[in-house]
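Spelled out from the first residue to the last, the chains are:
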Amino acid sequence: MNTINKIKIFLVDDDALYLKSLEIEFLQHGDFIIETFSTGELCIAALSHNPDVIILDYLLDGIDKNAMNGIDTLDKIIAYNPDIPVVMLSAQDKIDVAIDCMHHKAFDYVVKSETAFMRLQKIITTIFRYKKLEKELNWYMDRM
Amino acid sequence: MTSVKKPDELAITLKALAIQKAENEKLVAELIIVRQKLAFHKVEKGKRAAELGIATKELIFQNKEKGKRAAELGIANKELIYQNKEKGKRAAELGIAYKELIFQNKEKGKRAAELGIANKELIFQNKEKGKRAAELKIANYARSLIEASLDPLFTINLKGKITDMNDASINMTGISREKLLGTDFFDYFTEPQKARQVYQEVFSKGFVADYPLTIVDGKLTDVLFNGSVYKDDLGNVIGVVVVARDITDQKRTATELTEAIVFAELATAIAEEAKSKAEGATRVAEDAVKAKQQFLSNMSHEIRTPMNAIIGFTKVLLKTDMSAKQKEYLQAIKMSGDALIVLINDILDLAKVDAGKMIFEKTPFKMALSISAMLHLFETKIQEKNLALVKEYDNKIPEVLVGDPVRLHQIILNLVSNAVKFTSKGTIKVSVRLKNEDEENVTVEFAVTDTGIGIQQDKIKDIFKNFQQASSGTARLYGGTGLGLAIVKQLVESQDGTIQVTSSVDEGSTFSFCLSFQKTNDEAEMEAKSAESDTEIKDLKVLVVEDIALNQLLMKTLLDDFGFECGIASNGKIAVDKLKDNAYDIILMDLQMPEMNGFEATDYIRNVLHSDIPIIALTADVTTVDLAKCKVVGMNDYIAKPVDERLLYSKIVGLVKKLSPSSLVASAMNATDDTKKLKCTDMDYLNHRTKSNPALMMEMIALYLEQTPPLISAMNRSFLEKDWNSLYSAVHKMIPSFAIMGISIDFENMAKKVQDFASTQKQADGIHDLVIKLDSVCSQACCELEEELNRIKNAS
């Protein structure tokens, strides 16, 4: 498989341990290109690498109070390119957090738990199915 | 050739003749000489005259002879001359004939050459003919191929007139070949202008591929126009070959596809909507269930606690001296209280089953004994109502089975109490039959038959519903809440059993159900036996840890009744202090207390004091996860409030007996060792995740070691400084690491509690302890992981 067809995923989390475990999971469960970032700033700086999906931690300013938080990062990503699907990750299973993420146009919201990775995988699959459908639809619309 | 020779011969002959003439002349001369001689001789010859006369005569004769010969020679000469002449003539004739022959030969040669040429010509012509024939064949074949095409094929000349076409074109346009020929090609399309453009494009580019046009025929056929120019031998463009492919089907398919996609999109949208609706509904339903359970749980707690006091003190009061009237009232209070507790328990049971929290034990028990003991309860009541109780027990059923005797009790109790309730005369029959038996399991059929009021057929399906009785009047006449059968059904079905009812009005009903039990060789634990040892155990020292004064008093009264010594502690902290100074045999521990709750106290007793003293949890709330938590922190048993005297007694005695003083010490020692050895981390998860890849494992562990200590100090610092936001963040970040490093979920829950506290700042009690525990477990984890890291390093 060449690199062009691989899905590129950005993982952004200030929890290095969780970030690493997620990276390991992704690399073991699929043929992805993974780039990891410990802060939102680094992620935004690398947006030119054209990620297909970004998985973004909600709480990025937990330790470093001056760090850009998840929502701000999300806003910046969407401002850069509204078509990049961003899946928010959070340790808290809170409706306000979920709503907050959705209001800022996150594609989905996943709670960090045992099943998080499985959910992420499913979401990524869904994203690409949507994209494909959209593409097909556009093609047919053009034809019509 | 002889004729050529002849003249030579003639010449020779002539020469010979000439020679002969000269001879002759010589002869003549000689003759003259001879005459002279003769004359001479005459004289001489006078003698010889006679001789001469004779010689003369001879001579004359010879002359004559010679004349004759000469004449003959002349004739012969003449003859020869003639012959020579003849011969010359002949020779000339021969020459002419020869010339003639040569000429004729030449002529013949010419003719032959002409024939050769003619022959060549013929061969050439034959070849040409062969070629023509082959070409003709090929041309016919090509034509047939063209005709075989189902796509219309046209050739058009430079002016756009049709010069040729195949049958398909005729079929498609529906116009005959003759009429098509020479007509304007562009007239056959809906957009002649467009067709002309295409045509021009063909000439400019040399070809055109897949250009969509519409042919005008009976029904307007959509085609893809493909054209290319064709050239003569000199390469001059002389026209265009056009193929028009009918794409009606493709177009229709494409349209259908588009429609299908639109439909699919619509369907997807509808499905999405339905899904989100369903999800919403599910959420609402789940929330409702949660709320209901929460409500029931709370209600049970709130009602049971006061009920506990009411019933307990009623019992205590009944034991004091009082007037008969007072006793009667007290009995009434107690009965109402008992009924209320039964109702609450029923509701709780249902809630548990609904929430899937009903856990069925698997303990060995003696079925026959269990059933008899249970039926024993009804004896008084049955006698009162003047009914007969018949028990049929199948002796083939193995003595000891594994199952949940408490739930079986509950089922049969409900059925029998219904039977008793609704029967005014006749018999109640309880039968237990072995239905199936295999290597591991037995299926037992239980049936309770009465001769009571019966149930109408159309009501049978309703009786298992919550708060439903066969008729609305039933409750008025017979009492009851309508929960009994609902619970029975739930209990039976949760154990993969089935329940059936047959009934006829005024004749009675039969409720039967089947349950499977495992076979076992184990001895049944008999609770009942503890009664025998009643006398043996006295003077137990019991520590009651309970914050509500009423309950303290109640427990004290009960324990005094049992003859046990009783110490009271109003919270976990006091209990722990008391344990340090006094020896106790058993602790009864309430769970919800200020300062230090039951879990914390137990944890402290087990892990800090390293004591193995039996602890029984007292809980008013049996639906929540508290029970599991009790076991996790190391409690030996639990008992639901309001406390059942007998149950409490048997549990206390059972636990104390199990741990005789000697074994107590030993196990306490073991416990100490175990805690020391017990690792808090578990590499299973990491092994699994990284597929035991040492590099990845080391990386993960190193990350943990790097990240965690600052988090711990951040947590401690922020807690001391009451910087709740920082505390929240620190603990929040810690949470995922517990699962990754295989640290018990209890700690994760603790961390979550701390996190909740940090965000709400409510329920501060115990948070400090939790922080300390998290600190210690994380530090321990760091140490262990350090070792693990070294181990992996060394191994790899």
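Residues numbered from 1 in each chain as written. Chains lettered and ligands numbered in written order. Predicted model: local features only at pLDDT ≥ 70, side-chain atom pairs only at ≥ 80, totals over all residues. Heavy atoms only, no water.

### Examining the packing of helix α21 (residues 745–760) of chain B against helix α22 (residues 767–795) of chain B
Residue and element names in this part refer to chain B. What counts here: Working convention: axes come from line fits to C-alpha atoms, limited for helices to the stretch in contact. Angles between N-to-C directions cover 0 to 180 degrees. Put simply, DSSP marks the helices as runs of H or I at least four residues long and the strands as runs of E at least two long, and each gets a number from the N terminus on. Under this scheme an angle from 65 to 115 degrees is roughly perpendicular, one under 35 degrees roughly parallel, and one over 145 degrees roughly antiparallel; angles in between are oblique. Handedness of each helix crossing follows the sense of rotation of the near helix against the far helix: counterclockwise by less than a right angle gives left-handed, clockwise gives right-handed. Contacts are assigned to residue pairs with any non-hydrogen atoms lying within 4.5 Å of each other. Each residue is assigned to one of three groups, with Ala, Val, Leu, Ile, Met, Phe, Trp, Tyr, Cys and Pro labelled nonpolar, Asp, Glu, Lys and Arg labelled charged, and all others, Gly among them, labelled polar.
In the contact formed by α21 and α22, the axes pass within 10 Å of each other and the chain directions differ by 135°. Comparing the axis directions of α21 and α22 gives the class oblique. Relative to α22, the crossing made by α21 is left-handed. Mapping the contact onto sequence places F747, M750, A751, K753, V754 and F757 in α21 and I767, L770, V771, K773, L774 and V777 in α22. Across the contact of α21 with α22, the residue classes tally to ten nonpolar, no polar and two charged.

### Side note on the confidence of the model for chain B
Residues and elements named next belong to chain B. We count it as follows: Known as pLDDT, the predictor's per-residue confidence is scaled from 0 to 100.
Overall, the predicted model of chain B reaches an average pLDDT of 80, with 89% of residues at or above 70. Mean pLDDT across the elements of chain B ranges from a minimum in helix α17 (residues 661–677), with 40, to a maximum in strand β10 (residues 441–449), with 90. Residue range residues 526–535 is modelled with pLDDT below 50. Its contacts to residues more than four positions away, or to other chains, number eight contacts. Predicted confidence is poor over residues 660–677, with pLDDT under 50, and the contacts of this stretch with residues over four places away or in other chains come to eleven contacts. Interface predicted TM-score (ipTM) for the complex: 0.72; the corresponding pTM is 0.34.

### With respect to the interface of chain A and chain B
Put simply, the rule reads: Throughout, the accessible surface (probe 1.4 Å) given up by two parts as they are put together, summed over both, is called the buried area. By definition here, a salt bridge exists when the distance from a side-chain nitrogen of Lys or Arg to a carboxyl oxygen of Asp or Glu is within 4 Å.
In this assembly, 23 residues from chain A lie in contact with 27 residues from chain B. Between chain A and chain B, a total of about 2,400 Å² is buried, with carbon and sulfur atoms accounting for 65% of that surface. The interface formed by chain A and chain B holds two salt bridges in total. Note that D14 of chain A is salt-bridged to K733 of chain B, the shortest N-O span being 3.9 Å.

### Observations regarding the nonpolar core
We apply this condition: Grouping buried Ala, Val, Leu, Ile, Met, Phe, Trp, Tyr and Cys residues that are joined through side-chain atoms within 4.5 Å yields what is termed a nonpolar core. Exposure categories follow from relative accessible area, calculated using a 1.4 Å probe and restricted to protein chains: below 20% of the type maximum is buried, above 50% is exposed, and the middle band is partly exposed.
Counting residues in hydrophobic clusters, the biggest one holds 64 residues, and the most contacted among them are F26 and I55 of chain A together with M741 of chain B. Once you skip the residues sitting within four places of it in the chain, M741 of chain B turns out to touch L17 of chain A together with T681, D682, M683, L686, M700, I701, Y704 and L785 of chain B. In this structure, F365, I382, I412 and I487 of chain B belong to the second largest nonpolar core, which totals 47 residues.

### Notes on the sheet that holds strand β1 (residues 7–12) of chain A
Residue and element names in this part refer to chain A. Put simply, the rule is: Pairing between strands is defined by DSSP: at least two bridges between them are needed.
Read across the open sheet, the five strands follow the order β2-β1-β3-β4-β5; overall the sheet is parallel. What marks the edges here is a single partner per strand, and that holds for β2 (32–37) and β5 (108–111). This sheet shows a mean twist of 20° between the axes of neighbouring strands, independent of strand direction. Its contacts with the sheet put helix α1 (residues 16–29) on β1, β2, β3 (53–57) and β4 (86–90), and the angle it makes with β2 is roughly 175°.

### Considering the sheet that holds strand β2 (residues 162–165) of chain B
Residue and element names in this part refer to chain B. Taken together, the five strands give an open sheet; going across it, the order is β2-β1-β5-β4-β3, and neighbouring strands pair in antiparallel fashion. Each edge of the open sheet carries a strand with a single partner, namely β2 and β3 (207–215). Here the average twist between neighbouring strands, direction ignored, is 25°. Alignment of β3 against strand β4 (residues 221–231), held across seven bridges, turns out to be antiparallel. Within β4, the position partnered with V208 by the bridge is G227.

### What about helix α4 (residues 192–205) of chain B?
Residue and element names in this part refer to chain B. To be explicit about the condition: Under the convention used throughout, the expected extent of a helix is 1.5 Å for every residue step, that is, one less than its residue count. Of all possible arcs, the one meant is that of the directions from the helix axis to the C-beta atoms.
Taking 1.5 Å of rise per residue, 14 residues should cover 20 Å, and α4 covers 20 Å from first to last C-alpha, within 8% of that figure. Residues of α4 that are buried: A195, V198, Y199 and V202. Looking straight down α4, one finds that the buried residues subtend no more than 100° of arc, so they occupy a single side. Within α4, the exposed residues directed more than 90 degrees away from the buried face are Q193 and S204. Packing partners of the buried residues in α4 comprise β1 (153–156), β3, β4 and β5 (237–246).

### Examining the pairing of strand β14 (residues 565–569) of chain B
Residues and elements named next belong to chain B. This is how the line gets drawn: For a crossover, the right-handed case is the one in which the path from the first strand over the helix to the second runs clockwise, viewed with the strands pointing away from the viewer.
Sheet topology places strand β13 (residues 541–545) next to β14; five bridges connect them, and they run parallel. Bridge assignment links V545 to a residue of β14, and that residue is A569. Regarding the hand of the β-α-β motif, the stretch spanning β13, helix α12 (residues 549–562) and β14 is right-handed.

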